[in-house]
Structure formats: C-alpha cells, structure tokens
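A look at the structure
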Amino acid sequence: MEQKLLQILQKCRNMSELKQIHLQILIHGCQQSNFIIPKLISFSTKFNSLGYSVPVFKNSHFPNVFVYNTMIECFLQKNYKKDAFFVYNSMRVSPNNFTFTFLFKSCQSCDDFDTGRELHTHVVKFGFGANVFVQNTVLDFYSKCSENVGSAFKVFEEMDERDVVSWNSMVCAYINHGEMRLSIELFKSMEERNAVSWNLVISGLAKRGEMESARLLFDEMITWNAVMKNARLGLDNEVAWNAMISGYTRNGDVENARLIFNQMPVKSVVSTTAMISGYAKVGDVVEMNNLFNSMPVKNVITWNAMIAGFVQNHKFDQALEVFHRMLMCGECKPDETTLLSVLSACTHLGAHEQGKWIQSYIQKRDIEISTPLGNALIDMFAKCGDLESAMSIFNQMSKKCIITCTSMVAGLAFNGQCKEALALFDEMCMERIQPDDVIFIAALSACTHGGLVEEGKRVFSQMVKQFNIVPRIEHYGCMIDLLSRAGKLEEAFTLITSMSMKPNAVIWATLLGSCKLYGQREMLEVLTKKILKLEPSNPAYLMLISNLNASIGQWEDVLSVRAAMKKEGIEKVPGSSSIQVENKVHEFLVRDTKHENRMEIFETLDSLYDQLKTIGIMEKRDYVHLGMPKFAGFI
C-alpha cells in the first residue's frame, strides 16, 4: 500500500490534491511511514505551505535521518536557518553526509563562520572526516566564509582522498581570495581536470582584466577539448567562452571579443547578449543593432541590453522603439531593469506621456515599486514638470533612500518650488537620514533658483560644520552663483579666494556674468584675465567676454578678442535644441535650414512673434532674413 500511495504522491499537482492524498494515508494507517513522511513534507513545502509541513513532521513518532534531512532542507529552502539548525540540534538519530551538506550550504558569508566551524567539529565527531563528499562541502564553506585562504588549504591538505571537485574547490578558494598565481599553479598540477576546472581559472583571470593570461589558458583549453574528442565538453565550457567575451568587452576590446564569438561552436543567447553589451559600451550601435536583429531567440536580458545600449549612447528615441517592439513581440515580459532603462529614456526626452503609460503599466501588472523604480519615476515626472505625480510616488514609497530624497528636492527646485524643496530637505535632516554631498548640491541649487541668499548660507554652513562634508567645486559654484545674482560680488570673490581647491574657469565665469549688471568694470577686467589664462581657446568663454565688453562699450577689447579667435581659427559651437513629437525627436541648430517642415515652423514663429510684439512683450529687432521668414536665423 505504501508503494501505491507513494506513486499517487508523485503525481500530486497542488495543495488540495495533497490534502486528499494525506487523508488516504491516514485512512490506511501509513502516517508513520518514514518513506511517506519525507514526501508529504517536501510536497507541502513545494506548494508554499510550510505551515502544513511542520505538523506532519512533529506528529512523526519515530522519524529517521531522511525525515530530519527533509525538514532541514525545506526550512533552508525558505531561508529559515534558525529553524533548520533547531531541527538538527533536536535530532534523535545520527546525522548522515546529506545532513551536513545541507547545513554547510546554508553558510554563505563571514557572518556564518562560527556556525560553520562548530559544524566542522560535528563532522569529525560523527566520523565523516574521511568522507570526500562531506569534506568537499567543508572546503567550499571555508573558501567562501574564511577571511583568508589558510583554513581552506588546511582542510584540503588533510584530506585522505581528493576528487576533481576537491581540487576545483581549492582553486576556487584561491580565486575568491585574489591569489590568482597560486590558483593557476594548483590548476596546472591537477592530474584530472573537467570543464569546471577550466571555467574557474579562465573566468577568474578575465574578471580581473588579465586577458593575456586568460587567452593563453583559453587556447590551451581549446586544444584540450580537441584531444578529449568530446563535443559535450565544448558545450560545457560555454562559461569560459562567455567569460572571455565579457572580459574583452569590459576592456573595450570588441575586436578580440568578436573573434572569440565567431569561433564559438554554439552561439548562445548569453554570448550574443554579451557582444551586444560590448558594442554598446564602445558606441557601435550599428553592429549592436545588426547582431540583435540576427538573433533567432532573445531573452529579457537581451532586450534589456539593447534598450540600455541605446540609452547609454543617447539614442533615447531608438531605446523607446525597441521597448515597443519588446511589448509587441510578447515573448518576454519587461522586468524592473527594462523599466529603469525606459524611464531614463523618457526623462532625457521629456516624454511625459510615455512615462505616464509606464506608470500605468506598473500599476496594472501589480509590479512592486521598489526603491530604484520609485526613484526613476520621481526623476522622470519631476523633469517633465509633473510635480504632482512625482510627489504622489514619493509619498507612496515605503522605503526611501538618500537618492529618493535628492530626486524630490532637485525636482522641486528645478520646477521653481524652491521653498518647498528646502522644507523637504530640512524635514529629511530632522528625520536623521544622513545627507550626502549630492543632496546638498540639490538644496543649494534650490536656494540659487529661488534667490534665497540667507538660506543658502545656512545650508552651506550646515554641510560643513554639522555634517563634516568637504565642499566640492559644485557646492562652491552654487554659492557663487547665488551671491553673484544677489549683487554680493565682493562676498562671492572672497569665497572664491578661500576655496579649498583651485577655482576653474566655470567659477570665474559665474561671477563674470554679474559684473555688467552691477557695474563692476574693474572686477570684469580681473576676471577676464583669469578666465583667459585658464581657457584661452574656449569659444564659449571668448564669446562671453566679447559680448560683455560690447555691452559696456569696450570696442577695442571686442575687436581684440574676435581678431584672436579668427587668427586661431576658433569658432563658436552652434547652439541646438530638440523636441519630441510623437515618437520622433527633432533637433535644430542655429540658422538651420535643413528641416523638411522649416517653412511651416518659420511661419508659426513669425505669427507668434507678431502677437508678442503687439502686446508689448518683445522689443522690435532687426532680423536676418536669408530669403526666408524673419525667424530663419534664430532656429
């Protein structure tokens, strides 16, 4: 009867069926069977009902080691380590090698070191010190949890019997502790190697960027595969192939990565995705796209790599196009990584409607708004000017980090709600969330945008004196901009001279712009000399100096600067602007005459200009026509 009930249990598909089978077990008096109890415990845990497993275990009168092991394993599967060790400590029978294997595998960090060492004494006490299976598990534990490689080597050295797993574990121990030379020496001394052996060493070298050494071993591995004449071994070594591709792409060496890729006996989704990421890193979006389109099968990581690749290369509209293709394809559902990349693209494009759609997508599919996802939504909505939605997400988030607060403070400041930004910043400090240097930039920017001089001084002082944060050039830039706009030029100049680092041209140029407004001609001359000394060939600064001199009638200086620019062949980089209309981004340069709809655009701007002039908002100016409407020279 036991065999029949076991066969029925094997076909069990859900918790409801399990309860019916359990009833049959009780009816036939098999509830104390040490063959059936482990299956009942295992299946109920599989169906996410650990609460059902525990009573079954507790009602077992004479559980054997297999029953105990099953309960221990089920607790560990659900990450209930304390309960698993409680069961172990209450065992009324001797443990076997599987008992220790389960328990040691739950010890994965330095925090578990003391527990693992105590288990090691139990291994010796119960006579498993010579069991290669258990000793390999002990060796793996010391490899991962010990602060140095000495403990692992001692276990390895004392082993009476070693198999290829033992050698691999010791090689892995050396790699985990950064002892690559010792790992290679041990690898070369191995009498027997398998695919895992090669994968460990080649991957270890590739991760550390030691590509020459990795390539030598990789080529040796190819020869080894050929000698073994086993096609299966070549497939098992896919980890090494992918490690080589990833190692080269991390170093920006796409050519060598492609050579390895082309030699692969079977090109998997993983290897092709690695190549896509490599092309994205070096900015070759054409090859990235070609490779992606040639793939017969794609997984969500492939789609994510493609979308992220376009975002990395500022092809935000193309990133959104790939995302739409992913949705239309329907084979892979977007995950959090997908949504983070797409939200980044929306933020850069100012694509508010697309961002709102993504928020709706998250809500409809009950996707949890994690901290990174919430941060991305806040940033996107704030930069699109939708503060209401940004604040709504901020208030919904149960877990906020410093990035969350920074995004919201910066968003409020960016949209002119400077006092609200400062209030949120002060509230965060009161809640004892430790601020960093970045959020102070956001808070100081709020003061700058709002002209809040005294508040800016308070925040700057708070940063230095209360939180002991050393000001960066960006903090000084915010303060100098704030003081300059308020006409406190002397105070701004004094702050510059007291800076802990050497001021750059941006700092001096920030002060320069206010000199004309507040009639500081003498300071203008001093600042001009400092900027020209630091950036003598920067067209933006040269044009700024030229225009400021022209505004105060210093025509000799204007001619001098422009003559120098002409002589050196320095030209001002033309300004540009972009706008998204539906799914296409349109970019315009100064005096751009190439856009296919330019005539309609010029006519619309002309009409707008005339209306503004009629109500007295714009002054009358002379425009260069170039045979086109008056705004042709200003697009």
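Because the structure is predicted, anything quoted here is derived from the model rather than measured. (Residues numbered from 1 in each chain as written. Predicted model: local features only at pLDDT ≥ 70, side-chain atom pairs only at ≥ 80, totals over all residues. Heavy atoms only, no water.)

**Re the overall build of the protein chain**
Quick note on the threshold: Numbering goes from the N terminus for both helices and strands, where a helix is a DSSP run of H or I of at least four residues and a strand is a run of E of at least two. Classification of residues uses two cut-offs on accessible area relative to the type maximum, computed with a 1.4 Å probe and protein chains only: under 20% is buried, over 50% is exposed, and between them is partly exposed. Contact criterion: two residues are considered in contact whenever any of their non-hydrogen atoms come within 4.5 Å of each other. Accessible surface is estimated by sampling points in the Shrake-Rupley manner with a 1.4 Å probe; for residues, cover comes only from the protein chains shown.
Per the secondary structure count, the protein chain includes 36 helices and two strands. Counting over 635 residues, the protein chain shows a buried share of 45%. A separation threshold of at least 6 residues defines the contact pool for the protein chain, and within that pool the share at least 24 residues apart is 57%. By element, 53% of the accessible surface of the protein chain is carried by carbon and sulfur atoms, the whole surface being about 34300 Å².

**Concerning the packing of helix 10 (residues 150-158) against helix 11 (residues 164-176)**
Using the following cut-off: Convention adopted: a line fitted to C-alpha atoms gives each axis, helices being fitted over their contacting stretch, and angles between N-to-C directions are expressed from 0 to 180 degrees. Roughly parallel here means an angle under 35 degrees, roughly antiparallel means over 145, roughly perpendicular means 65 to 115, and every remaining angle is called oblique. For any pair of crossing helices, the crossing counts as left-handed if the nearer helix is rotated counterclockwise from the farther one by less than a right angle, and right-handed if it is rotated clockwise. All residues other than Ala, Val, Leu, Ile, Met, Phe, Trp, Tyr, Cys, Pro, Asp, Glu, Lys and Arg, Gly among them, are scored as polar; the first ten of these are nonpolar and the last four charged.
With their axes 10 Å apart at the nearest point, helix 10 and helix 11 run at an angle of 160° to one another. Judged on the interaxial angle alone, helix 11 and helix 10 are roughly antiparallel. As helix 10 runs across helix 11, the sense of the crossing is left-handed. In this structure, helix 10 contributes A152, F153 and F156 to the contact, and helix 11 contributes S166, W167, M170, A173 and Y174. Of the residues contributing to the contact of helix 10 with helix 11, the split by class is seven nonpolar, one polar and no charged.

**What to know about the nonpolar core**
Basically, it comes down to this: Here, the term nonpolar core denotes a set of buried Ala, Val, Leu, Ile, Met, Phe, Trp, Tyr and Cys residues that are joined through side-chain atoms within 4.5 Å.
M170, F425 and I480 are the most contacted members of the largest nonpolar core, which has 176 residues in total. If we skip the residues at most four places from it in the chain, M170 touches L139, V149, A152, F153, F156 and L186.

**Focus: helix 3 (residues 36-46)**
For helix 3, the tally of buried residues reaches eight of 11 residues, placing the bulk of the element in the interior. Considered for burial, the residues of helix 3 that qualify are I36, I37, P38, L40, I41, F43, S44 and T45. Buried positions along helix 3 lie against helix 1 (2-10), helix 2 (15-27), helix 4 (50-58) and helix 5 (65-77). Directly after helix 3, the chain includes N48, whose backbone phi takes a positive value near 60°.

**Quick word on a positive patch on the surface**
How we decide: Here, patches come from residues exposed beyond 30% relative accessible area and free of salt bridges, joined within 9 Å for like charges and within 5 Å for nonpolar side chains (Val, Leu, Ile, Met, Phe, Trp, Tyr). One speaks of a salt bridge when a side-chain nitrogen belonging to Lys or Arg is within 4 Å of a carboxyl oxygen belonging to Asp or Glu. Residues scored as positive are Lys and Arg, those scored as negative are Asp and Glu, and His as well as the terminal groups of each chain are ignored. Note on charges: their place is set at NZ of Lys, CZ of Arg, CG of Asp or CD of Glu.
Taken together, the side chains of K207, R208, R250 and K281 define a basic patch exposed on the protein surface. Note on placement: K281 falls in helix 18 (residues 269-282).

**Some thoughts on the packing of helix 9 (residues 132-145) against helix 10**
In the contact formed by helix 9 and helix 10, the axes pass within 8 Å of each other and the chain directions differ by 165°. In terms of axis orientation, helix 9 runs roughly antiparallel to helix 10. Of the two elements, helix 9 crosses helix 10, and the hand of that crossing is left-handed. Between helix 9, through Q135, V138, L139, Y142 and S143, and helix 10, the contact on the second element is made entirely by S151, A152, V155 and F156. In the contact of helix 9 with helix 10, the residues fall into six nonpolar, three polar and no charged.

**Comments concerning unusual backbone geometry**
Even without being a glycine, N79 presents a positive backbone phi close to 65°. Relative to the elements of secondary structure, N79 occurs in the loop between helix 5 and helix 6 (81-89). A residue is classified by how much of its surface remains accessible, and N79, at 59% relative accessible area, is exposed. One non-glycine residue, N468, adopts positive backbone phi at about 55°. Relative to the elements of secondary structure, N468 occurs in the loop between helix 29 (453-466) and helix 30 (473-485). Since its relative accessible area comes to 61%, N468 is described here as exposed.

**A word on the side chain of S60**
One can find S60 in the loop between helix 4 and helix 5. Accessibility expressed as a relative area gives 7% for S60, which makes it buried. Contacts of S60, omitting those with residues within four sequence positions, involve Q32, N34, I37 and R92.

**Here's the deal with the side chain of D386**
To keep it simple, the criterion reads: Whenever two N or O atoms come within 3.5 Å, that pair is a polar contact, provided that in protein one can donate a hydrogen and the other can accept it, and provided that, for residues adjacent in sequence, both atoms are side-chain atoms.
Along the polypeptide, D386 turns up in the loop between helix 24 (371-383) and helix 25 (387-396). Within the buried set, D386 has no salt-bridge partner at all; the shortest N-O distance to an opposite charge, 4.3 Å, is to K356. In terms of polar contacts, D386 uses its side chain to reach the side chain of S389, at 2.7 Å. Once residues within four sequence positions are removed from consideration, D386 is found in contact with H352, K356 and F381.

**Digging into a nonpolar patch on the surface**
Together, L23, L26 and I27 make up a nonpolar patch on the protein surface, roughly 290 Å² of accessible area in all. With respect to the secondary-structure elements, L23 resides in helix 2.

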